[in-house]
Amino acid sequence: MICAKFSERISKSTKSIISFCGNKFHTEGALIFARKKMGNWEEEKEKYLKMNAEAKRKDCVKLQSIPTWKSLSDSIKLPEPIEMKENCAINISKNEILAEKISIFEGDITTLGIDAIVNAANSTLMGGGGVDGVIHRAAGPSLKEECSTLGGCPTGAAKITGGYKLPARYVIHTVGPQGEQTEKLKKCYRNSLDILIEKKLRTIAFPCISTGIYGYPNLPAAHAAAYQVRKFLEDNTDKVDRVIFCLFLDEDKKIYKGILQSYFPISH
Ligand code: ADP
């Protein structure tokens, strides 16, 4: 009876340690042992999920201060449009509603106080260079502890964890392809967005997945990202409030301002 109560309250991973300990330990002792072994990321996760973004980081960037693509393109002079690369299966028409559902944010993704930020992770999910390292450092060590329970992640797939000390509530980790592999990169965007919906979250920011250490050329990567986000938003308009393209490099800032005019056209 006591055993059953304890097992209801603890995670799958902790449970397996307890069952492994079997006869050797009293259940409560096993729980403490398991907690020590796993670290206390579960408690930390709960604690941070209850906090609002500003309590975690005073200078966090809130959604309200990020202009939508529609209001941005009404207020600045845009560079020349970049034509769509693919013969899209979707009908790219002017759609003001979708143009209000996306944004460009120029800066550090770890400052965003939104539902979820996406991490361009590697398949171990144990942290690395580039944006992955920045996200892990800002979230604190509990993120790595939770990641260590996930069993890695194949290319194109995505997995979710808590955001811990980050102002974002969650981190969705996806593993981009190394080099130009369009379908795999599109899957990263699609699978991350599917998780967002599954978890009933409404705001998400993507870095330019694969375009750093993984060497995917910036322009074709932006085409794949814009195409997949447009396609997803066509099918899930009411389930998402904002998809933010978080741009760190000047090259990407220029490319996205050109490309979004084709994938999210608006009338002026
Ligand atoms: P990958 O291994 O998938 O190529 P990288 O982290 O090397 O991932 O690069 C992905 C993109 O993230 C690059 O455009 C890089 O400039 C950008 N980037 C690096 N640091 C940050 C940050 N703090 N916020 C947002 N984007 C970042």
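Residues numbered from 1 in each chain as written. Predicted model: local features only at pLDDT ≥ 70, side-chain atom pairs only at ≥ 80, totals over all residues. Heavy atoms only, no water.

Mind showing me how you'd approach the overall build of the chain here?
Across its full length, the chain carries 12 helices and eight strands. Of all 268 residues assigned to the chain, the portion counted as buried reaches 54%. Restricting to contacts in the chain with at least 6 residues of sequence separation, those with at least 24 account for 74%. About 13,100 Å² of surface is accessible on the chain, with carbon and sulfur atoms providing 52% of the total. (Helix = DSSP H or I, 4+ residues; strand = E, 2+ residues; numbered from the N terminus. Buried < 20%, exposed > 50% of the residue type's maximum accessible area, 1.4 Å probe, protein only. Contact = heavy atoms within 4.5 Å. Areas by Shrake-Rupley, 256 points an atom, 1.4 Å probe, with all protein chains shown as cover.)

Just to check I follow, could you spell out the pattern of salt bridges for this structure?
Oppositely charged side chains can pair when the atoms bearing their charge come close. Within the structure shown, the criterion is met by 12 salt bridges. Ionic pairing is found between Lys70 and Asp74, a salt bridge with its closest N-O pair at 3.0 Å. Here the residue Lys70 and the residue Asp74 both occupy positions in helix α6 (residues 69-75), the gap between them amounting to four residues, near one helical turn. Judged by relative accessible area, Lys70 falls into the buried class, the value being 18%. Its salt-bridge partner being Asp250, residue Lys253 comes within 3.4 Å of it at the nearest N-O pair. Of the two residues, Lys253 and Asp250 are both situated in helix α12 (residues 250-263); the distance of three residues between them amounts to about one turn of the helix. Accessibility expressed as a relative area gives 62% for Asp250, which makes it exposed. The network of salt bridges with shared partners includes Lys70, Asp74 and Glu96. (Salt bridge = Lys/Arg side-chain N within 4 Å of Asp/Glu carboxyl O.)

Just to check I follow, could you spell out helix α10 (residues 182-198) for this structure?
Owing to its 3.6 residues per turn, the α-helix brings residues three or four apart onto one side. Between the first and last C-alpha of α10 there are 24 Å, a value that for 17 residues agrees with the 24 Å anticipated at 1.5 Å per step. Burial in α10 covers these residues: Leu185, Lys186, Cys188, Tyr189, Ser192, Leu193, Ile195, Leu196 and Ile197. At the C-terminal side of α10, Lys200 shows a positive phi close to 60°. (Expected span 1.5 Å × (residues − 1).)

Honestly, the nonpolar core in this entry has me stumped. Any pointers?
The tendency in soluble globular proteins is for nonpolar side chains to be buried side by side. Trp69, Ile102, Val229, Val243, Tyr256, Leu260 and Phe264 are the most contacted members of the largest nonpolar core, which totals 48 residues. Among the elements that line this core, the one with the most residues is helix α11 (residues 218-235), at nine residues. Val243 has contacts with Lys101, Ile102, Ser103, Leu193, Ile204, Phe206, Val229 and Leu233, leaving out every residue within four places of it along the chain. Val61, Leu63, Ile66 and Val171 belong to the second largest nonpolar core, which has 26 residues in total. (Core = buried A, V, L, I, M, F, W, Y, C linked by side-chain atoms within 4.5 Å.)

Even after reading the chapter, I still don't get the packing of aromatic side chains, so can you show me in this structure?
Remark: the centre distance and the inter-plane angle together describe each pair of aromatic rings, the angle taken between the planes. Tallied over the entire structure, the rule returns two aromatic pairs. Over the ring of Phe264 we find Arg230; its NZ or CZ atom is 5.8 Å from the centre of that ring. (Phe/Tyr/Trp six-rings, centres within 6.5 Å; stacked < 30°, edge-to-face > 60°. Lys NZ or Arg CZ within 6 Å of the ring centre and 35° of its normal.)

Help me understand the sheet that holds strand β2 (residues 102-106), please; the structure alone is not making it clear to me.
Within a sheet, each strand pairs with its neighbour through backbone hydrogen bonds, oriented either parallel or antiparallel. If you walk across this open sheet you meet the six strands as β2-β8-β7-β4-β6-β5, and the pairing is mixed. The sheet terminates laterally at β2 and β5 (158-162), the two strands that pair on one side only. Going across the sheet, the axis of each strand differs from the next one's by a mean of 25°, ignoring polarity. As defined by bridge partners, β2 adjoins strand β8 (residues 242-247) across five bridges and the pair is classed as parallel. (Pairing = 2+ DSSP bridges. Axes fitted to C-alpha atoms, helices over the stretch in contact; angles between N-to-C directions.)

Is there a simple way to think about the site of the ligand in this case?
Not every one of the 17 residues close to the ligand is listed here, only the nearest: Asp108, Val131, Ser210, Gly212 and Ile213. Val131 places a main-chain nitrogen or oxygen 2.7 Å from an oxygen atom of the ligand. Between an oxygen atom of the ligand and a main-chain N or O atom of Tyr214, the distance comes to 3.0 Å. Isolated, the ligand exposes 560 Å² of accessible area, and the fraction of that covered by the protein chains is 92%. Top element by residues in the shell around the ligand is helix α8 (residues 130-139). It accounts for three residues. Residue classes in the shell around the ligand are distributed as 10 nonpolar, five polar and two charged. (Near = heavy atom within 4 Å. Polar contact = N/O pair within 3.5 Å; in protein donor to acceptor, adjacent residues only side chain to side chain. Nonpolar A, V, L, I, M, F, W, Y, C, P; charged D, E, K, R; others polar.)

Honestly, the packing of α10 against α11 in this entry has me stumped. Any pointers?
The relative placement of two packed helices is expressed as an angle between their axes plus a distance between the axes. At their nearest, the axes of α10 and α11 sit 9 Å apart, and the two run at 35° to each other. Crossing of α10 over α11 shows right-handed handedness. In contact with Thr182, Leu185, Lys186, Tyr189, Arg190, Leu193, Asp194 and Ile197 of α10, α11 contributes Ala221, Ala224, Ala225, Tyr227, Gln228, Val229, Phe232 and Asp235. Partitioning the contact of α10 with α11 into residue classes produces 10 nonpolar, two polar and four charged. (Left-handed = near helix turned anticlockwise from the far one by under 90°.)

Just checking my understanding: could you explain the environment of Ala168 for this structure?
Tracing the sequence through the fold places Ala168 in the loop between β5 and β6 (170-175). Exposure remark for Ala168: the relative accessible area of 1% places this residue in the buried category. The spacing of Ala168 and Ala53 is 115 residues in sequence and 6.7 Å in space, taken between C-alpha atoms. Dropping the residues within four chain positions of it, Ala168 is found in contact with Lys56, Leu112, Gly113, Ile114, Asp115, Ile117 and Gly163.

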